[in-house]
Amino acid sequence: MTRSFELTRSRWLTAVLKSRLFQPALMLLTMFFFVVAILAGFFGTPAGSHNFGIIFVWIVWWALLIIVMVPFFGRMWCAVCPIPGPGEWLQRRGIVRRTPGRLLSLRWRWPRRLRNIWLQNFGFLAVAIFSTIILTRPGVTAWLLLGMMSLGVALSILYENRVFCRYVCPVGGFIGLYSLTSSVELRVKDAQVCKEHTTKDCVVGTEHSYGCPWMVFPGNLERNTYCGLCAECLKACPKDNVAINLRPFGADLLVAKGRSLDEAYKAFIMLACAMLYSAVLLGPWGWLKNWADMATLPQWAAYAAGFLAINLLVIPGLFWLTTLAARTVARLRVPVKRLFVDYAYSLVPMGLIGWIAFSFSFVFVNGSYAVSVLSDPFGWGWDLFGTRSVPWTPLLPGLVIVLQVGLLLVGLAFSMFIAYRISRQHARTDAQAWRGTLPVSGFLVGVTLVFLRLYLG
Amino acid sequence: MKLMSKPRPANTASGEGQRPGLLDRAGPRRELAVWVVLVLILVVLPVTILGYQFVLRPRLSEVRVIDIVAAAPEAGGFQPDAVRVPAGERVRLRFSAPDVTHGIAIGPGLGLDLGHVDPGQVKEIDVTLDRPGRYVFYCNSWCSPNHWRMRGTIEVYDPQNPDAPPVSQVSDPTLESLAARGIDIDAPREAGAVPAERPSVGRGAALVERLGKKLPTLLTDPEWRRTHSPVEAWASLVKAGLSEAEAWDAVAYLWVVDVDAERLQTARALYAKNCAACHGQAGNGEGPGADALTAQGAGQQGDMSTIQDPGSFTDPSTMLAGSSDIYYAKLRRGGMGTGMPSFGPIFTPEETWALVDYLWTFVFDAENQSDVKAEN
């Protein structure tokens with residue numbers, strides 16, 4: 001995609017990004033809130049709406065992540081996330097400074113078969129089937145956060161760099177996929193410069209910077225998926241060849257290179273989970289919520305089995321049939337699996353917007369809890385800022401559904417456009433591409449109708 | 001690709017230099033400062049928060065705050081379910097409901113009802129309990145099949161003698177009397193005779209007035225009426241010459257004659273919050289909790305099952321065979337494995353008697369009772 005605007009032309013922004021203090025300072029800030037969330041989970045009130053751990057993790061953070069950060073800034077959250085912080089700082093034996101020598105770790109090799117996001121897919125599903133419990137019980141949320149940080153530290157002892165973020169973190173998986181749509185990218189200005197630059201400082205590091213902790217060579221970077229926007233390459237590049245650009249939404253979805261089945265499955269899982277969450281948490285089926293909430297173990301087991309089946313079999317299965325139809329209708333001479341994977345990327349905008357629409361429903365309704373929780377983060381009756389007694393006030397209840405419907409229609413159009421462009425990559429003629437788009441569009445319309453049914457009742 | 005080998009100097013083979021970024025010139029002091037910040041966040045922050053809340057704050061606060069989680073019994077019930085406070089000290093009880101809506105009240109005889117506490121909500125109340133003894137906080141809103149188990153105790157001790165054993169339950173003369181008379185309050189009872197239609201208090205009042213001194217003397221004694229069943233009173237009235245239907249009407253009147261409207265109103269509110277979930281708002285034993293109780297009974301093994309369906313107060317064949325003191329005893333002591341909880345720790349004796357009086361209104365037509373009393 002050539003239509004982009006280089007943000008790093010700003011000397012001020014470049015100076016900030018090149019500062020070694022910038023990223024750790026933000027990580028320490030998020031670490032502060034992270035610690036408060038864990039403390040609130042373990043010691044605060046179990047009433048979720050009065051607990052910082054629930055309100056600021058699952059409403060405030062989630063809203064910022066899915067509505068603002070991912071669509072507009074890609075993996076920016078990964079750059080400031082506190083979870084990998086302790087592990088990374090232990091490896092580096094420092095927080096800000098560039099410590100001489102190699103990273104401190106046992107330097108095991110990450111298994112080749114796991115160099116994909118399958119672990120993240122299954123990790124997300126494992127969290128998702130317990131989501132009703134995690135989202136409502138502060139103690140469980142605290143254990144989850146602490147567990148993730150501990151796992152990050154453990155992996156950083158065994159493996160160099162951010163193996164946890166790249167291959168394990170269940171949140172990082174979908175942030176990576178959805179950052180394909182984002183309007184910000186980190187890219188090299190001239191790939192030829194990187195090709196001719198033999199020392200590859202961005203990969204091996206310099207005395208001022210570490211090599212890419214995400215194990216990415218910026219010279220080959222064409223998609224946002226695995227770039228954590230830490231700006232180490234920006235600091236390292238002696239050629240001043242790394243830039244952060246503003247670009248059209250969804251540009252990476254049209255990059256054929258790098259598409260893979262694990263990412264396609266991530267698209268299915270995220271789309272299915274957005275629908276299932278909407279059904280469980282917003283739908284009128286009390287029994288379903290009870291099952292998800294582990295009313296009894298057999299009921300939850302049935303729910304979990306259904307949840308996994310829909311994620312791993314039903315949605316991918318239906319999409320496989322859709323792909324077959326597209327291939328037949330358009331007479332595309334491309335292996336079905338290739339088409340299946342490629343077309344799956346057309347679900348990314350729909351999925352992201354489905355999540356945003358789902359998030360609107362509880363962010364607008366329950367967001368006001370954040371005001372009182374800010375003053376009384378543990379539900380202990382504190383009143384730090386005098387806002388403890390601010391009553392729960394749903395914001396713009398009439399507008400939420402309008403926004404949801406509007407967003408879903410935008411998402412549908414966006415996804416259909418991407419489906420057409422992907423078709424065009426395989427079709428010889430425009431007509432052939434349109435015919436290939438039809439079945440996929442039908443699938444997308446079906447998904448939109450499911451969302452509308454769930455939101456409109 | 002081999003990653004993270006030895007760092008290269010700034011001026012590499014390519015010849016281009018690179019300068020440290022903005023704010024990067026402070027050196028080791030900055031690194032130290034950042035580590036200090038990290039230690040502040042990971043160690044000092046938690047210690048400060050927890051130390052303030054659990055050590056300093058109780059010492060500074062004028063009122064002791066006790067946080068109580070109100071969860072359905074299946075999820076642990078009240079946590080904690082027992083608190084100990086000195087007599088005369090003001091304490092703030094903060095109830096939070098993490099799961100479903102609960103109704104929180106404290107008894108007996110305190111008249112403290114916080115109303116509904118919805119999921120995620122926190123409600124608090126300041127109480128000063130002056131007399132040593134044992135009080136009960138309980139849920140009075142149907143919250144789960146085991147709702148009636150949702151109770152906790154407040155033990156109020158004498159600050160002058162904090163190690164003294166808790167004040168034991170005051171003996172109940174009614175229960176002692178039943179025991180002395182050898183009456184098994186759990187024994188099944190069946191009235192030999194039942195009225196053809198619901199006995200009318202209004203008609204009964206006219207009959208009793210007409211009978212005047214011909215009314216058997218025993219029936220004029222409130223204590224006798226408390227300790228005997230309506231069917232016993234009915235038999236003596238039939239013997240005195242009333243028809244069967246007239247005798248039932250007269251019994252209906254005699255059984256509610258001492259009940260005033262205010263007492264009935266209090267009892268109605270207590271019944272609605274504490275009894276209707278199982279016994280039904282109409283007293284017919286078909287409350288929303290009845291099915292759960294039946295299911296619990298079915299879950300028990302064979303003949304060992306003692307859980308019963310909630311009793312129907314509208315069924316004259318069973319209701320008219322029992323006496324007020326037996327119903328009083330059942331209320332206060334509970335149904336011994338039948339699923340009927342013990343309300344002794346929650347209600348005062350006076351509230352319990354009022355409830356018993358209210359129960360008779362299900363089997364007797366007392367709609368015009370207040371008018372009748374006024375006329376009398």
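Please read these numbers as outputs of a predicted model, since none were measured by experiment.

Caption draft 1: Geometry of the overall build of chain B. Within chain B, the secondary structure is distributed over 13 helices and nine strands. In chain B, which comprises 376 residues, the share counted as buried stands at 46%. Restricting the contact set of chain B to residue pairs at least 6 apart, pairs at least 24 apart contribute 69%. Total accessible area on chain B stands at roughly 19,300 Å², and carbon and sulfur atoms take up 54% of it.

Caption draft 2: Structural context of the overall build of chain A. In terms of regular secondary structure, chain A is built from 21 helices and three strands. For the C-alpha atoms alone, the extent of chain A along its principal axes is close to 65 × 60 × 40 Å. Across the 457 residues of chain A, 60% fall into the buried class. Taking all contacts inside chain A whose residues are at least 6 apart in sequence as the whole, residues at least 24 apart take part in 81%. Of the roughly 17,900 Å² that chain A leaves accessible, carbon and sulfur atoms contribute 70%.

Caption draft 3: Representation of the packing of aromatic side chains within the structure. Applying the stated criterion across every chain, the model contains 53 aromatic pairs over all chains. Each ring, one from Phe32 of chain A and one from Phe33 of chain A, has its centre 5.4 Å from the other, and the planes form 85°; the classification is edge-to-face. Residue classification places Phe33 of chain A among the partly exposed positions, given a relative accessible area of 38%. Taking the centre distance of 5.1 Å and the plane angle of 80° together, the rings of Trp110 of chain A and Tyr159 of chain A count as edge-to-face. With Trp110 of chain A in the loop between helix 5 (85-92) and helix 6 (118-128) and Tyr159 of chain A in the loop between helix 8 (138-158) and helix 9 (163-168), this residue pair connects regions lying 49 residues apart in the sequence. In terms of burial, Trp110 of chain A and Tyr159 of chain A fall into one category: buried. Aromatic ring contacts, followed pair by pair, group Trp58, Trp61, Trp62, Trp77, Phe124, Phe174, Tyr178, Tyr277, Trp355, Phe358 and Phe362 of chain A into a single cluster. Of note, Arg92 of chain A hangs over the ring of Tyr210 of chain A, and the distance from its end group to the ring centre comes to 4.0 Å. For Arg226 of chain B, the ring lying beneath its charged end belongs to Trp353 of chain B, and the centroid distance is 3.8 Å.

Caption draft 4: Focus on the packing of helix 3 (residues 52-73) of chain A against helix 8 of chain A. Residue and element names in this part refer to chain A. Between helix 3 and helix 8, the shortest axis-to-axis distance is 9 Å and the interhelical angle comes to 60°. As summarised for this structure, helix 3 and helix 8 are arranged oblique, according to the angle between their axes. Considering how the two elements wind past one another, helix 3 and helix 8 form a crossing that is left-handed. Contact residues: helix 3 offers Gly53, Ile54, Val57 and Trp58, while helix 8 offers Pro138, Thr141, Leu144 and Leu145.

Caption draft 5: Quick peek at helix 3 of chain A. Residue and element names in this part refer to chain A. Compared with the 32 Å implied by 1.5 Å per residue over 22 residues, the 25 Å span of helix 3 between its first and last C-alpha is markedly short. At Leu65, helix 3 shows its strongest bend, of approximately 40°. Here helix 3 lies mainly inside the structure; 17 of its 22 residues are buried. With a side-chain oxygen positioned 2.7 Å from the backbone nitrogen of Gly53, the residue opening helix 3 is Asn51.

Caption draft 6: Geometry of the nonpolar core. In terms of nonpolar packing, the biggest core is built from 157 residues, with Phe174 and Trp355 of chain A touching the most fellow members. Setting aside anything within four residues of it in sequence, one finds Phe174 of chain A in contact with Trp62, Leu65, Ile66, Phe124, Lys266 and Met270 of chain A. The next biggest cluster of nonpolar side chains, apart from the first, holds 56 residues, and it includes Leu207, Val208, Leu270 and Leu359 of chain B.

Caption draft 7: Representation of the confidence of the model for chain B in the model. Residues and elements named next belong to chain B. Residues of chain B with pLDDT of at least 70 account for 86%, and the chain-wide mean is 85. The low-confidence segment residues 1-17 (pLDDT under 50) makes 48 contacts with residues lying over four places distant or belonging to another chain. Confidence metrics for the complex model read pTM 0.78 and ipTM 0.92.

Caption draft 8: Quick peek at the sheet that holds strand 2 (residues 184-188) of chain A. Residues and elements named next belong to chain A. Strand order in the open sheet made by the three strands is 1-3-2, with antiparallel pairing throughout. Of all the strands in the sheet, just strand 1 (5-6) and strand 2 have a single pairing partner and so form its edges. Pairing of strand 1 with strand 3 (residues 242-246) involves two bridges; the strand directions are antiparallel. Directly across from Glu6, in strand 3, lies its bridge partner Asn245.

Caption draft 9: Layout of the state of the cysteines. One pass over the full model with this rule turns up zero disulfides over all chains. Not part of a disulfide, Cys169 of chain A finds its nearest cysteine sulfur in Cys165 of chain A, a span of 6.4 Å. Given the relative accessible area of 11%, Cys169 of chain A is considered buried. No disulfide involves Cys139 of chain B; its nearest neighbouring cysteine sulfur is the one of Cys143 of chain B, lying 4.0 Å away. Among the residues examined, Cys139 of chain B registers a relative accessible area of 5% and is labelled buried.

Caption draft 10: Region of interest: the sheet that holds strand 8 (residues 133-139) of chain B. All names here are of chain B. Spatially, the five strands line up as an open sheet ordered 3-9-8-5-6, and their pairing is mixed. Strands with a single pairing partner mark the edges of an open sheet, and in this sheet they are strand 3 (82-86) and strand 6 (112-117). In this sheet, adjacent strand axes meet at a mean angle of 20° when their direction is disregarded. Judged from the five bridges that link them, strand 5 (residues 102-107) and strand 6 form a sheet pairing that is antiparallel. Paired with His102 across the bridge in strand 6 is Val117.

Caption draft 11: Structural view of the environment of Asn241 of chain A. Residue and element names in this part refer to chain A. With respect to the element layout, Asn241 can be found in the loop between helix 13 (232-236) and strand 3. Since its relative accessible area comes to 5%, Asn241 is described here as buried. For Asn241 and Val188, which are 53 residues apart along the polypeptide, the C-alpha to C-alpha distance reads 5.5 Å. What Asn241 contacts, discounting residues up to four positions off in sequence, is Arg187, Val188, Lys189, Asp190, Val193 and Cys194. Side-chain polar atoms of Asn241 contact the backbone oxygen of Asp190, separated by 2.9 Å.

Caption draft 12: Looking closely at the pairing of strand 8 of chain B. Residues and elements named next belong to chain B. Burial of strand 8 is extensive: six of the seven residues sit out of reach of the surface. One ladder, built from four bridges, connects strand 5 with strand 8; its direction is antiparallel. The partner of Gly107 across the bridge, within strand 8, is Val136. Sheet topology note: the strand 8/strand 9 (residues 151-157) ladder contains six bridges and is antiparallel. Directly across from Tyr135, in strand 9, lies its bridge partner Ile154.

Caption draft 13: Representation of the pattern of salt bridges within the structure. Residue and element names in this part refer to chain A. Using the criterion set out here, one finds 36 salt bridges over all chains in the structure. Between Glu232 and Arg92 there is a salt bridge, with the nearest N and O atoms lying 3.7 Å from each other. Remark: Arg92 occurs in helix 5 and Glu232 occurs in helix 13; sequence separation between them is 140 residues. Glu232 sits in the buried class, given a relative accessible area of 1%. A relative accessible area of 6% places Arg92 in the buried class. Three or more residues joined by partner-sharing salt bridges are found here, namely Arg20, Glu88, Arg92, Arg162 and Glu232.

Caption draft 14: Structural view of the packing of helix 14 (residues 261-282) of chain A against helix 21 (residues 430-456) of chain A. Residues and elements named next belong to chain A. Running from N to C, helix 14 and helix 21 point in directions that differ by 20°, and their axes come no closer than 9 Å. Considering the angle they form, helix 14 stands roughly parallel to helix 21. When you trace helix 14 past helix 21, the crossing you get is left-handed. Contacts from Leu271, Ala274, Met275, Ser278, Ala279 and Leu282 of helix 14 reach helix 21 at Phe443, Val447, Val450, Phe451, Leu454 and Tyr455.

Scoring rules and cut-offs
- Residues numbered from 1 in each chain as written.
- Chains lettered and ligands numbered in written order.
- Predicted model: local features only at pLDDT ≥ 70, side-chain atom pairs only at ≥ 80, totals over all residues.
- Heavy atoms only, no water.
- Helix = DSSP H or I, 4+ residues; strand = E, 2+ residues; numbered from the N terminus.
- Buried < 20%, exposed > 50% of the residue type's maximum accessible area, 1.4 Å probe, protein only.
- Contact = heavy atoms within 4.5 Å.
- Areas by Shrake-Rupley, 256 points an atom, 1.4 Å probe, with all protein chains shown as cover.
- Phe/Tyr/Trp six-rings, centres within 6.5 Å; stacked < 30°, edge-to-face > 60°.
- Lys NZ or Arg CZ within 6 Å of the ring centre and 35° of its normal.
- Axes fitted to C-alpha atoms, helices over the stretch in contact; angles between N-to-C directions.
- Parallel < 35°, antiparallel > 145°, perpendicular 65-115°, else oblique.
- Left-handed = near helix turned anticlockwise from the far one by under 90°.
- Expected span 1.5 Å × (residues − 1).
- Bend = angle between axes of the 7 residues up to and from the residue.
- Polar contact = N/O pair within 3.5 Å; in protein donor to acceptor, adjacent residues only side chain to side chain.
- Core = buried A, V, L, I, M, F, W, Y, C linked by side-chain atoms within 4.5 Å.
- pLDDT = per-residue confidence, 0-100.
- Pairing = 2+ DSSP bridges.
- Disulfide = S-S within 2.5 Å.
- Salt bridge = Lys/Arg side-chain N within 4 Å of Asp/Glu carboxyl O.

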